[in-house]
Amino acid sequence: MADNKETEYVTLVSSDDFEFKILRSAACIAGTIKKALDPQSGFRETTQNRVVLSTINGVVLEKVCEYLYYNQKHAESKDVPDMEIEPQLCLELLIAADYLDV
């Protein structure tokens, strides 16, 4: 179902079909998502307000969403505490961050 208008929230979908509704402003911190949602791009994500990330599983995408909000919240801060990341997720998060241009 195409919406044809820019909404405040977008849906990010993982490879295992978990869906995360997050603020567009937070999602667009990731360069790849920002480009996919750009009206000038002509991508279907622009009209659907939905981005399917077929290479990122739900556990990793959840942590990516947390990071996007964390980044948005602390954008103007100087002494930002480190975000808690489980060691077993580090490699997958690095790969996802590279792909998403975060």
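What counts, and where the lines are drawn
- Residues numbered from 1 in each chain as written.
- Predicted model: local features only at pLDDT ≥ 70, side-chain atom pairs only at ≥ 80, totals over all residues.
- Heavy atoms only, no water.
- UniProt positions renumbered as here; feature names shortened; annotations may be inferred.
- Buried < 20%, exposed > 50% of the residue type's maximum accessible area, 1.4 Å probe, protein only.
- Helix = DSSP H or I, 4+ residues; strand = E, 2+ residues; numbered from the N terminus.
- Arc of directions from axis to C-beta.
- Contact = heavy atoms within 4.5 Å.
- Expected span 1.5 Å × (residues − 1).
- Polar contact = N/O pair within 3.5 Å; in protein donor to acceptor, adjacent residues only side chain to side chain.

Going by what an unreviewed UniProt entry lists, the protein chain is known as Elongin-C and is assigned to Lentithecium fluviatile CBS 122367. Checking UniProt for the protein chain, the heading Function (unreviewed entry) contains the comment "Essential component of the SCF (SKP1-CUL1-F-box protein) E3 ubiquitin ligase complexes, which mediate the ubiquitination and subsequent proteasomal degradation of target proteins. Controls sulfur metabolite repression, probably by mediating the inactivation or degradation of the metR transcription factor."

K.L.:
Explanation requested: helix H5 (residues 90-100) in the structure shown.
P.N.:
Structurally, the α-helix is built with 3.6 residues per turn, so residues lying three or four positions apart point the same way. Restricting attention to buried positions, one finds in H5 the residues Leu 93, Ala 96 and Leu 100. Along H5, the residues classed as buried sweep out an arc of 65° about the axis, all on the same side. Summarising the geometry of H5, the exposed residues directed more than 90 degrees from the buried face are Leu 91, Leu 94, Ile 95 and Asp 98. Packing partners of the buried residues in H5 comprise helix H2 (31-37) and helix H4 (58-73). Note on H5: the residue one or two positions beyond its end, Asp 101, has a positive phi of about 60°.

K.L.:
Where do I start with H4 in this structure?
P.N.:
Its 16 residues give H4 an end-to-end C-alpha distance of 22 Å, which sits within 8% of 22 Å, the value for a rise of 1.5 Å per residue. Within H4, burial applies to Gly 58, Val 60, Leu 61, Lys 63, Val 64, Cys 65 and Leu 68. Its buried side turned inward, H4 meets strand S1 (9-13), strand S2 (19-23), helix H1 (24-27) and H5. At the N-terminal end of H4, a side-chain oxygen is found 3.1 Å from the backbone nitrogen of Val 59, two or three residues along, and the residue is Asn 57.

K.L.:
Even after reading the chapter, I still don't get unusual backbone geometry, so can you show me in this structure?
P.N.:
With glycine set apart, most residues show a phi of negative sign, and most peptide bonds adopt trans. Even without being a glycine, Asp 17 presents a positive backbone phi close to 65°. Mapped onto the fold, Asp 17 is located in the loop between S1 and S2. Of note, Asn 49 is a non-glycine position whose phi angle comes to about 55°, a positive value. Structurally, Asn 49 is set in the loop between helix H3 (44-48) and strand S3 (50-52). Overall, the relative accessible area of 5% leaves Asn 49 in the buried class.

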